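A closer look at the structure
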Amino acid sequence: MGAFCIQIVEGNPHLRSLLGWHLQQAGSVVYQSADIRQAMDVFQHRQPALVILDSELPDGDGVEFCRWLRQQQSLILMLSARNTEADIVEGLRAGADDYLTKPFGMQEFLARVEALTRRRIAMPPPISLDCGDLKIDLVHRRVRFREELIDLTPQEFSLLYVLAQAEGLPLSRSELLRRAWPDAIDNPRTVDTHILSLRKKVETDPRQPNLIQTVRNVGYRLGLESLTLNAPTHADYSSNRRKALVQSSSRRTAVGDS
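Residues numbered from 1 in each chain as written. Predicted model: local features only at pLDDT ≥ 70, side-chain atom pairs only at ≥ 80, totals over all residues. Heavy atoms only, no water.

Here's the deal with the side chain of Glu175
Mapped onto the fold, Glu175 is located in helix α7 (residues 173–180). Owing to a relative accessible area of 7%, Glu175 belongs among the buried residues under this scheme. Excluding anything up to four places from it in sequence, Glu175 contacts Gln44, Trp68 and Gln72. (Helix = DSSP H or I, 4+ residues; strand = E, 2+ residues; numbered from the N terminus. Buried < 20%, exposed > 50% of the residue type's maximum accessible area, 1.4 Å probe, protein only. Contact = heavy atoms within 4.5 Å.)

Structure, rendered in structure tokens:
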């Protein structure tokens, strides 16, 4: 499997340790978290390439946390005792790249992790982000909005790109500072200043913004509903793969049975 940064978010300490030990033996760098609070802190500091996530955690719903993780560009393997078709579909739609029901065999678990790591290594870096009217060229760091080339500073470009990556979900000022700024900055007013500058360049009326919206008590989001969007282009599992996951009902060796 090779050196690969993996985070395990699992409330069962025995299962968490067992999975971590096997992944470390396979050569991965492993970080373990017992709940969502710990998981967010570890994720923000370590930026793992793969998150192994239990659907039920002591301080919240793992499926909801999966939706947050989906914005962060990490692969997600969801573990769950929920094994109905509706549960599996919900997990996949929340952003999980694979779904493994408990109990499961260790060899199957390791094989799925290995398949996901291969997928990550094989993924080519994106060269552009197309949000319909808004087109972000990552190679030349240029932005076109409604066919017009927008002159942005490097920091404005990074901020707009991070907002676009979130696909309409709101991001806090602290999250924007962490993801869009090259250096550690603690002043949230820095975000407000750059948002104001961006709005002057892309909004028809910066005083009543439609594209870069303020979300009260949270931060900012990109108003995708104000754009003419093309058909989704995100890579996904084939319909055969999803069908296989949903219909899988065979019993496995009782690893993770609780």
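Let's talk about the sheet that holds strand β8 (residues 128–131)
The strand order across the open sheet built from 4 strands is β8-β9-β10-β11, with neighbouring strands paired in antiparallel fashion. On the outer flanks of this sheet lie β8 and β11 (148–150), each paired with one strand and no other. Going from strand to strand, the sheet's axes swing by 20° on average, the running direction of each strand aside. Where β8 lies against strand β9 (residues 134–137), 4 bridges are found, and the strand directions are antiparallel. Along β9, the bridge assignment pairs Ser128 with Asp137. In this fold helix α6 (residues 154–165) packs onto β8, β9 and β10 (142–145), with an angle of close to 120° to the strand it touches most, β9. (Pairing = 2+ DSSP bridges. Axes fitted to C-alpha atoms, helices over the stretch in contact; angles between N-to-C directions.)

What about the pattern of salt bridges?
By the definition in use, this model includes 17 salt bridges. A salt bridge links Asp61 to Arg82, with the shortest nitrogen-to-oxygen separation between them at 3.9 Å. Of the two residues, Asp61 is situated in strand β5 (residues 60–61) and Arg82 in the loop between β6 (75–80) and α4 (85–93); the sequence distance between them amounts to 21 residues. The closest approach of N and O atoms between Arg189 and Asp192, which form a salt bridge, is 3.0 Å. Pair noted here: Arg189 and Asp192 are both in helix α8 (residues 189–202), with a separation of 3 residues, about one helical turn. Asp192 sits in the buried class, given a relative accessible area of 14%. Within this structure, Glu10, Asp54 and Lys102 form a network of salt bridges that share partners. (Salt bridge = Lys/Arg side-chain N within 4 Å of Asp/Glu carboxyl O.)

Brief notes about the sheet that holds strand β13 (residues 212–215)
The 3 strands lie next to each other as β12-β14-β13, forming an open sheet whose pairing is antiparallel. Of all strands in the sheet, those bounded by a partner on one side alone are β12 (171–172) and β13. Summarising the sheet, β12 and strand β14 (residues 219–222) pair through 2 bridges and their orientation is antiparallel. Bridge pairing in β14 places Leu171 opposite Tyr220. The sheet contacts of α8 involve β13 and β14, and relative to β13 the element is tilted by about 145°.

Here we look at the packing of aromatic side chains
A full pass over the atoms with the stated rule returns 3 aromatic pairs. On the basis of an interplanar angle of 25° and a centroid distance of 5.8 Å, the ring pair of Phe104 and Phe109 is categorised as stacked. Ring pairs connect the aromatic residues Phe43, Phe65 and Trp68, which therefore count as one cluster. (Phe/Tyr/Trp six-rings, centres within 6.5 Å; stacked < 30°, edge-to-face > 60°.)

Some remarks on the environment of Leu77
Of note, Leu77 is situated in strand β6. For the pair Leu77 and Leu116, spaced 39 residues apart in sequence, the C-alpha to C-alpha distance is 8.2 Å. If near-sequence neighbours (up to four positions away) are discounted, Leu77 is found in contact with Leu50, Val51, Ile52, Leu53, Asp98, Tyr99, Leu100, Phe109, Val113 and Leu116.

Some points on the packing of α6 against α8
As a packed pair, α6 and α8 sit with axes 10 Å apart at the nearest point and diverge in direction by 90°. Compared by their axis directions, α6 and α8 come out roughly perpendicular. Between α6 and α8, the residues in contact are Gln155, Glu156, Leu159, Leu160 and Leu163 and His194, Ile195, Ser197, Leu198 and Lys201, respectively. Tallied by class, the residues present in the contact of α6 with α8 amount to 5 nonpolar, 3 polar and 2 charged. (Parallel < 35°, antiparallel > 145°, perpendicular 65-115°, else oblique. Nonpolar A, V, L, I, M, F, W, Y, C, P; charged D, E, K, R; others polar.)

Some remarks on the environment of Trp181
With respect to the helices and strands, Trp181 occurs in the loop between α7 and α8. Taking the C-alpha atoms as reference, Trp181 lies 9.8 Å from Glu156; in sequence the two are 25 residues apart. For Trp181, the residues in contact, after removing those within four places along its chain, are Gln155, Leu159, Leu176, Thr190, Val191 and His194.

Some details on the packing of α7 against α8
Between α7 and α8, the shortest axis-to-axis distance is 9 Å and the interhelical angle comes to 80°. Judged by the angle between their axes, α7 and α8 are roughly perpendicular. Residues Arg173, Leu176 and Leu177 of α7 form the contact with α8, whose own contacting residues are Thr190, Val191 and Asp192. Tallied by class, residues from the contact of α7 with α8 come to 3 nonpolar, 1 polar and 2 charged.

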